[in-house]
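What follows is the residue order along each chain.
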Amino acid sequence: MSEPGQRLEVASDQDVVRVRQLVRTVAVAVKLSLVDQTKLVTAASELARNTLVYGGGGWAEVETVDNGRRKGIRIVFADEGPGIADLDLALTDGYTTGGGLGLGLSGARRLVDEFDIVTEAGQGTTITITKWCR
Amino acid sequence: MERVPVLKIGDILLVSIQIDMEDQVALQLQEDLADRIVATGCHGVIIDISALDIVDSFVGRTLATIASISRVLDAETVVVGMRPAVAITLVELGLSLPGIRTALNVELGMELLARHRAEEFTDLDELGDEDEADTPAAAAS
């Protein structure tokens, strides 16, 4: 039984804060543990910032999911930016093209249960993450 | 844009982050602190993050940058009040905040700064007894 997702535009610093707040609200509602809430909100913050900084803006959609055994949260981040030419490299700790720490993408992947990325140079980037209740 | 207040208490600048900061607010805090350190000549900075329910790589990097800037301006930074879930998440994210001193709360942070300051004076005073620097810290605990 999944409820319809909520979609937020990601076009400014303020929108990144809004994404964090929405994810936190939904994470509390599906009763993720405190540590898992913290991990998911942190991952969402990293990916929303990537959508803004590297993707030139886009959107994030947050929905609850249920696989019959467990509830969880799924978040999709999408942009129509330049895409990622070398995905393996982009997922390497410490690699950055933006002057950051190079931990956003690789770190976010470690903080969630499922991490799926679809990207191609010139075709934008769509990242889907899922965190399940334990 | 919101702004994080910087309070001066004796020789210490105290910052308590109570809002979910936009990136620009974090960068503004970095500048404000550098200005206040120079304007006041304070030798210690305490940043209380007990109200923060997440620290992502941007905020983590900003804290590390603040600590580096402070050090160059002859002030020591202590980050206090990190929540356990935040610590767990930060380490898993891959950020171990090297170069940042931490304490569990503001009180312990102030003790740490006082001890650090006392040690610096001991180092300067070549005739001083090395053991003397430990005494006030031991009495405080």
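Residues numbered from 1 in each chain as written. Chains lettered and ligands numbered in written order. Predicted model: local features only at pLDDT ≥ 70, side-chain atom pairs only at ≥ 80, totals over all residues. Heavy atoms only, no water.

Chemist: Looking at this structure, how should I read the packing of helix 1 (residues 13–29) of chain A against helix 2 (residues 34–53) of chain A?
Modeler: Between two packed helices, what matters for the description is the angle formed by their axes and the separation of those axes. Residue and element names in this part refer to chain A. Contact geometry for helix 1 and helix 2: axes closest at 9 Å, N-to-C directions at 155°. As summarised for this structure, helix 1 and helix 2 are arranged roughly antiparallel, according to the angle between their axes. The element helix 1 and its partner helix 2 pack so that their crossing is right-handed. Note on element contacts: helix 2 touches helix 1 through Gln37, Leu40, Val41, Ala44, Ser45, Ala48, Arg49 and Leu52, opposite Asp13, Val16, Val19, Arg20, Val23, Arg24, Ala27 and Val28. Here the contact of helix 1 with helix 2 is built from residues that sort into ten nonpolar, two polar and four charged. (Axes fitted to C-alpha atoms, helices over the stretch in contact; angles between N-to-C directions. Helix = DSSP H or I, 4+ residues; strand = E, 2+ residues; numbered from the N terminus. Parallel < 35°, antiparallel > 145°, perpendicular 65-115°, else oblique. Left-handed = near helix turned anticlockwise from the far one by under 90°. Contact = heavy atoms within 4.5 Å. Nonpolar A, V, L, I, M, F, W, Y, C, P; charged D, E, K, R; others polar.)

Chemist: I'm lost on the interface of chain A and chain B in this one. Help?
Modeler: For an interface, size is often stated in terms of accessible area lost upon the parts coming together. Contacts between the two partners involve 23 residues from chain A, matched on the other side by 20 residues from chain B. Overall, the association of chain A and chain B removes approximately 2000 Å² of surface from exposure, summing both partners, and the carbon and sulfur fraction of that is 55%. Contact with chain B buries area across many residues of chain A, yet Asp13, Arg49 and Leu101 of chain A alone supply 25% of it, more than any other trio. Seen at the junction of chain A and chain B, the total is seven salt bridges. The residue Arg20 of chain A makes a salt bridge to Asp20 of chain B at a minimum N-O spacing of 2.5 Å. Remark: the boundary between chain A and chain B carries eleven residue pairs in polar contact (both at pLDDT 80 or more). Contributing elements (two or more residues each) for the side of chain A that touches chain B: helix 1, helix 2 and helix 4 (104–111) of chain A. Counting residues per element, the side of chain A that touches chain B draws most heavily on helix 2 of chain A, which supplies nine residues. (Buried area = accessible area lost by both parts, 1.4 Å probe. Salt bridge = Lys/Arg side-chain N within 4 Å of Asp/Glu carboxyl O. Polar contact = N/O pair within 3.5 Å; in protein donor to acceptor, adjacent residues only side chain to side chain.)

In short, geometric facts, not functional conclusions.
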